[in-house]
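# An overview of the molecular structure
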Amino acid sequence: MPAQVLIVDDEISLRELVKRILTAEGISAMTCSSGHACLDALRDGFRGVILMDVRMPGLSGWETIQAIVDRNLLAGNVIIMLTALEPEDPALDYLKQYVLNYITKPFDPQELIAAVRTYLAYL
């Protein structure tokens, strides 16, 4: 399976917007509406760039990252947080080592494309 992008966000309009932006640039993208769906995609073999929201019902983005690490699903993946500016939670500082970039909503589409292309090149 070629490297691609997994957009994980509970907001359907944002998922579809990001997918349109990326596919218009020739970047393969798929979407998940929750942390649980993200874990399912990883167990099914997804490898690539994960664009992760923080605030989601069920598993938050940080809880999803913890589950990814705990289940040894990080190999072959890069995590970029795509989220609204959030207050820092010192209890989650140890998870930041697994996040290679942060893009704040609202985002610049060109910044998003550049970040995704940079990390896809390493996979």
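Residues numbered from 1 in each chain as written. Predicted model: local features only at pLDDT ≥ 70, side-chain atom pairs only at ≥ 80, totals over all residues. Heavy atoms only, no water.

### Some details on the side chain of Gln-66
Applicable threshold: The numbering of helices and of strands both runs from the N terminus, where a helix is a DSSP run of H or I of at least 4 residues and a strand a run of E of at least 2. Definition of a polar contact: a pair of N or O atoms within 3.5 Å, with one able to donate and the other able to accept a hydrogen when the atoms are protein atoms, and with sequence-neighbouring residues admitted only if both atoms are side-chain atoms. Residues are treated as being in contact if the distance between any of their heavy atoms lies within 4.5 Å.
Here Gln-66 lies in helix H3 (residues 61–70). A distance of 2.8 Å separates a polar atom in the side chain of Gln-66 from a polar atom in the side chain of Asp-70. With near-sequence residues (within four places) excluded, Gln-66 lies in contact with Tyr-94 and Leu-95.

### Quick look at the nonpolar core
Quick note on the threshold: Here, the term nonpolar core denotes a set of buried Ala, Val, Leu, Ile, Met, Phe, Trp, Tyr and Cys residues that are joined through side-chain atoms within 4.5 Å. When accessible area is computed with a 1.4 Å probe and restricted to protein chains, residues below 20% of their type maximum are described as buried, those above 50% as exposed, and intermediate ones as partly exposed.
One finds Ile-50, Met-52, Ile-65 and Ile-68 to be the most contacted residues of the largest nonpolar core, which totals 23 residues. Of all elements in the fold, only strand S1 (4–8), helix H2 (35–43), strand S3 (48–52), H3 and strand S4 (78–84) reach the threshold of two or more residues within this core. A total of five residues in this core trace back to one element, the largest contributor, which is H3. Those residues in contact with Ile-68 that lie beyond four places of it in its chain are Cys-38, Leu-39, Leu-42, Ile-50, Met-52, Leu-73, Leu-74 and Ile-79.

### A short note on the sheet that holds strand S2 (residues 29–32)
Sheet strands pair via backbone hydrogen bonds, and the direction of the pair is either parallel or antiparallel. The cut-off we apply is this: In short, DSSP must find at least two bridges between two strands for them to pair. What counts as an axis is a line fitted to C-alpha atoms, over the stretch in contact for a helix, and the angles between N-to-C directions run from 0 to 180 degrees.
One open sheet accounts for five strands, arranged S2-S1-S3-S4-S5; its pairing is parallel. Of all the strands in the sheet, just S2 and strand S5 (99–105) have a single pairing partner and so form its edges. Adjacent strand axes in the sheet meet at a mean angle of 20 degrees, parallel and antiparallel pairs treated alike. Bridge count between S1 and S3: five bridges; the pairing is parallel. Bridge pairing in S3 links Leu-6 to Ile-50. Strands in contact with H3 are S3, S4 and S5; relative to S3, the strand with the most contacts, it is inclined by about 150 degrees.

### Brief notes about the pairing of S2
The following threshold applies: A crossover counts as right-handed when, viewed with the strands pointing away from the observer, the path leading from the first strand over the helix to the second turns clockwise.
Pairing analysis gives four bridges linking S1 to S2, with the strands arranged parallel. Across the sheet, Val-8 pairs through a bridge with Cys-32, a residue of S2. Read from S1 through helix H1 (residues 12–24) to S2, the crossover connection turns out right-handed.

### Looking at unusual backbone geometry
With omega at -10 degrees, the peptide bond leading from Lys-105 into Pro-106 counts as cis. Counting through the fold element by element, Pro-106 comes out in the loop between S5 and helix H4 (109–120). Phi angles above zero are rare outside glycine, and Asn-72 is one such case at about 55 degrees. As for its placement among the helices and strands, Asn-72 is situated in the loop between H3 and S4.

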